[in-house]
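Observations on the model geometry
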Amino acid sequence: MNLTILAVDKMREPYLRTGCERFAAKLAPYLPVEVVEIKPQSMEAEADKMLARIDADTIVWALDREGDALSSPQLAARLADAQRSGRRRLALLIGGPDGLHASAFKRADFRWSLSPLTFLHEMARLIALEQLFRAVKINRGEPYHR
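Residues numbered from 1 in each chain as written. Predicted model: local features only at pLDDT ≥ 70, side-chain atom pairs only at ≥ 80, totals over all residues. Heavy atoms only, no water.

**Observations regarding unusual backbone geometry**
Note: most peptide bonds trans; most residues except glycine with negative phi. Our working definition: Per-residue accessibility, obtained with a 1.4 Å probe over protein chains only, is compared with the maximum for each type, and a residue is labelled buried under 20%, exposed over 50%, and partly exposed between these values.
Despite not being glycine, Asp9 has its phi angle at roughly 80°, a positive value. Since its relative accessible area comes to 12%, Asp9 is described here as buried.

Here it is in structure tokens:
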């Protein structure tokens, strides 16, 4: 399975960009990552651009503060289910400062809350990548810190 992150805007903070690059590289042997950055515009236009890049058979997760919060083992189980589904791609939608348009949520198979807190969209991308790497390690029965 491959992971496509569709995120509004570029990573502006170097330390967050570095963190995202680090976790994407760590994930790559298990879950190759492609990042597509969508130019900020209206939320509806951002969602349209995201949805245009998603095939019908892609599993779609949308980050949503109001979505389902999962423990790391629960996230690992959900990722394992996605990987066993036979579908080849998982898309993760990350909105900009105002979140995602309703049309993005409508297409989503799962609405994932990282926390009830509000994060910078750049920070949310880093946290999501780190948690996906942790989930892969849990599923493989490997220690996280190696």
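**Notes on helix 2 (residues 43-52)**
So the rule is basically this: Helix and strand labels come from DSSP, where a helix needs a run of H or I of at least four residues and a strand needs a run of E of at least two; each type is numbered from the N terminus. Starting at the helix axis, one direction is taken to each C-beta atom, and the arc is that of these directions. Contacts are assigned to residue pairs with any non-hydrogen atoms lying within 4.5 Å of each other.
Here helix 2 has its buried residues at Glu46, Ala47 and Met50. The buried residues of helix 2 all sit within an arc of 95° when viewed along its axis, so they share a single face. The inward-facing, buried residues of helix 2 abut strand 1 (2-8), strand 2 (33-38), strand 4 (89-94) and helix 4 (102-107).

**Overview of the pairing of strand 3 (residues 59-69)**
Test applied: A pair of strands is labelled paired if DSSP reports no fewer than 2 bridges between them. Throughout, right-handed denotes a crossover for which the path from the first strand over the helix to the second runs clockwise when the strands point away from the viewer.
The pairing of strand 3 with strand 4 spans four bridges and is classified as parallel. Each bridged residue has a counterpart across the sheet, and for Val60 the counterpart in strand 4 is Ala91. What joins strand 3 to strand 4 is helix 3 (residues 72-84), and the crossover it makes is right-handed. In this structure, strand 3 lies alongside strand 5 (residues 110-113), joined through five bridges in parallel fashion. Residue pairing in the sheet places Ala69 in a bridge with Ser113 of strand 5.

**What to know about the sheet that holds strand 3**
Going by this rule: Fitting a line to C-alpha atoms yields each axis, with helices limited to the stretch in contact; the angle taken between N-to-C directions then spans 0 to 180 degrees.
The strand order across the open sheet formed by five strands is 2-1-4-3-5, and the pairing between neighbours is parallel. The open sheet terminates on both sides in strands that have one partner only, identified here as strand 2 and strand 5. Looking at each pair of strands side by side, their axes are set apart by 30° on average, direction ignored. Pairing analysis gives six bridges linking strand 1 to strand 2, with the strands arranged parallel. Note on strand 2: the bridge partner recorded for Leu6 is Val36.

**A look at the pattern of salt bridges**
Worth spelling out the cut-off: Salt bridges are defined as contacts in which a side-chain nitrogen from Lys or Arg sits within 4 Å of a carboxyl oxygen from Asp or Glu.
Under the definition given, this model contains 10 salt bridges. For Asp109, the salt bridge identified is with Arg107, shortest N-O distance 3.6 Å. Of the charged contacts, one joins Glu130 and Arg134 as a salt bridge, the two residues approaching to 2.9 Å between their closest N and O atoms. Of this pair, Glu130 and Arg134 both sit in helix 5 (residues 121-140), four residues apart, roughly one helical turn. Judged by its relative accessible area of 15%, Glu130 falls in the buried class. On the basis of relative accessible area, Arg134 is assigned to the partly exposed category, the value being 25%. When salt bridges that share partners are traced, they join Lys137, Arg140 and Glu142 into one network.

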